[in-house]
Amino acid sequence: MSVASKAVQFGKQHIARGIGRSTELVIEKGRGIYVWTVEGKKYLDLTTGIGVTNTGHCHPIVVKAVQEQAANLCHGQVNIVFQKPMLDLIERLKPRMPSPKLDTFFFWNSGSEAVEAAVKLARHATKKQNIIVFQGSYHGRTFGTMALTTSKTIYGGGYGPLMPGVHVAPFPYHQQWAACKADPKQFTPEWCGRESLDQLEILLKQRSSPEDTAAILIEPIQGEGGYVVPPKGYLKGLRELCDKHNILMICDEVQSGFGRTGKMFAVEHEDVVPDILVMAKGIASGYPLSCIVSTKELMDKQPPGSMGGTYAGNAVACAAANATLRVFDEEKLLDNCNARSKQFFSALEEKIPSVLPNGVTVDIRGRGLMIGLEFMGVPSGFANAILKEALERDTLLLTTSIYETLRIIPPLNITKEETELSIGRITASIEAAAKKMNA
């Protein structure tokens, strides 16, 4: 039995079965856009650990910062001391926020924890209980966030009763709205956005009154829901609705934040400023760190001692985040993200439709290097078939949502040549899956 086979067998025996896994690769090294298995095989990684290693695997500037910090101070507990890496990080983050008003931070470990911190802040500050989320949302798999997640039943099925006080509104996913599919010329994405806001107003009249609603929680671009970009003007309309009803607006940028969409945060595409902004994943290039930011006025409503955690804002993770921001500046990652985005979209829109059989269409969508491809007119399992074909071509991809949707999440410093290689392998994988579908 090979080393890899033994490792897989051991992992299956001793790692919790509740963890889903898209491959059985055993990885031991990563550099840039590539990872290597224990047997030395090299794979092109277009997953970045689900949008985490935005600077690529083991960026030398991040690695050096982590090594130096680990040798100096590895743990400065937030409820006992101030630690310099966290203070430096706040200083670096402040000018990058969507508004100067967002100036007060709380750090934690994971995206789910940060979402729960945002909900905790909203409920305490407003003295109201209910939270409104959206159909297709993903906010985590901890006990609180299971109730907020609606993208797939697997994330919360069988674990009830879940956290109460959560209500679900329709998201303007026009590709799957019945009216839009029936007559896309009459029922445009903009119509879908307006209709979604109307349905939200109805929810506030029928199920959760504004007087009982602490916050509306939204992903500016849905992640696990299918990489769905809301119609232009929708987020502004939602901001106005929140202001009208005295409801806090929480934006979950765990997956869409930190440059993934070509701007530091996806809300900047619509010039929207939330009351609470949630970030994680790309913040520290692979080290466990998450954060919420809000106004000092709102944050100061919480009494000292009500927030905290053993590893909250770990010093080594904060050092990694500081180094990540240095890479953003020195390598102009946002500029590169936008340039490579144009390269991806131009090539995919040209190549992919031509390799699909008659009757099959594809919606290529997203922003920056947060790219989704939804296939219509295909059998169930088509997107997973593409993943298998990609794996045979030494490439890692991911699916997303309950529909047949592929997502492409390369590092933000992917080169022009690596982008060209990626497009070729993606196209070949889709073409191979399509041919087998018709066989």
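For the structure itself, look to the data block above.
Scope of this entry: the structure provided in the associated data block. Everything numeric here is computed off the predicted structure, so don't read it as measured data.

Some words on the pairing of strand 6 (residues 166-169)
Okay, so step 1: Where strand 5 (residues 130-134) and strand 6 come together, 4 bridges link them in parallel fashion. The residue bridging Phe134 from the neighbouring strand is Ala169, located in strand 6.
Okay, so step 2: Handedness of the β-α-β unit built from strand 5, helix 6 (residues 143-148) and strand 6 comes out right-handed.

Description of the sheet that holds strand 15 (residues 405-408)
To summarise the sheet geometry, strands pair through backbone hydrogen bonds and adopt either a parallel or an antiparallel arrangement.
Okay, so step 1: Across the sheet, which stays open at both edges, the 4 strands sit in the order 11-12-15-14 with antiparallel pairing between neighbours. Taken across any chain shown, the strands that pair with only one partner, and hence form the sheet edges, are strand 11 (361-367) and strand 14 (398-400). Between one strand axis and the next, the sheet turns by 30° as a mean value, whatever way the strands run.
Okay, so step 2: Here strand 12 (residues 370-376) pairs with strand 15 via 4 bridges, running antiparallel. Its bridge partner lying in strand 15, Glu374 is registered against Thr405.

A look at the packing of aromatic side chains
The description of two aromatic rings rests on the distance between their centres and on the angle between their planes.
Okay, so step 1: According to the stated counting rule, one finds 12 aromatic pairs in the structure shown.
Okay, so step 2: Measuring from ring centre to ring centre gives 6.2 Å for Phe105 and Phe107, while their planes differ by 10°; the resulting arrangement is stacked.
Okay, so step 3: Between Phe106 and Trp108, the ring centres sit 5.2 Å apart and the planes meet at 75°, which makes this aromatic pair edge-to-face.
Okay, so step 4: For Phe106, a relative accessible area of 12% puts it in the buried group.
Okay, so step 5: Residue class for Trp108 comes out buried when judged on its relative accessible area of 16%.
Okay, so step 6: Taken together, the aromatic side chains of Phe134, Phe171 and Tyr234 make up a single cluster linked through ring pairs.
Okay, so step 7: Above the plane of the ring of Trp36 lies Lys29, whose end atom (NZ or CZ) is 4.5 Å from the centre.
Okay, so step 8: For the cation-ring pair, Lys42 lies above Tyr34, with the distance from its terminal atom to the ring centre recorded as 4.1 Å.

Rules and cut-offs
Residues numbered from 1 in each chain as written. Predicted model: local features only at pLDDT ≥ 70, side-chain atom pairs only at ≥ 80, totals over all residues. Heavy atoms only, no water. Pairing = 2+ DSSP bridges. Helix = DSSP H or I, 4+ residues; strand = E, 2+ residues; numbered from the N terminus. Right-handed = clockwise from strand over helix to strand, strands pointing away. Axes fitted to C-alpha atoms, helices over the stretch in contact; angles between N-to-C directions. Phe/Tyr/Trp six-rings, centres within 6.5 Å; stacked < 30°, edge-to-face > 60°. Buried < 20%, exposed > 50% of the residue type's maximum accessible area, 1.4 Å probe, protein only. Lys NZ or Arg CZ within 6 Å of the ring centre and 35° of its normal.

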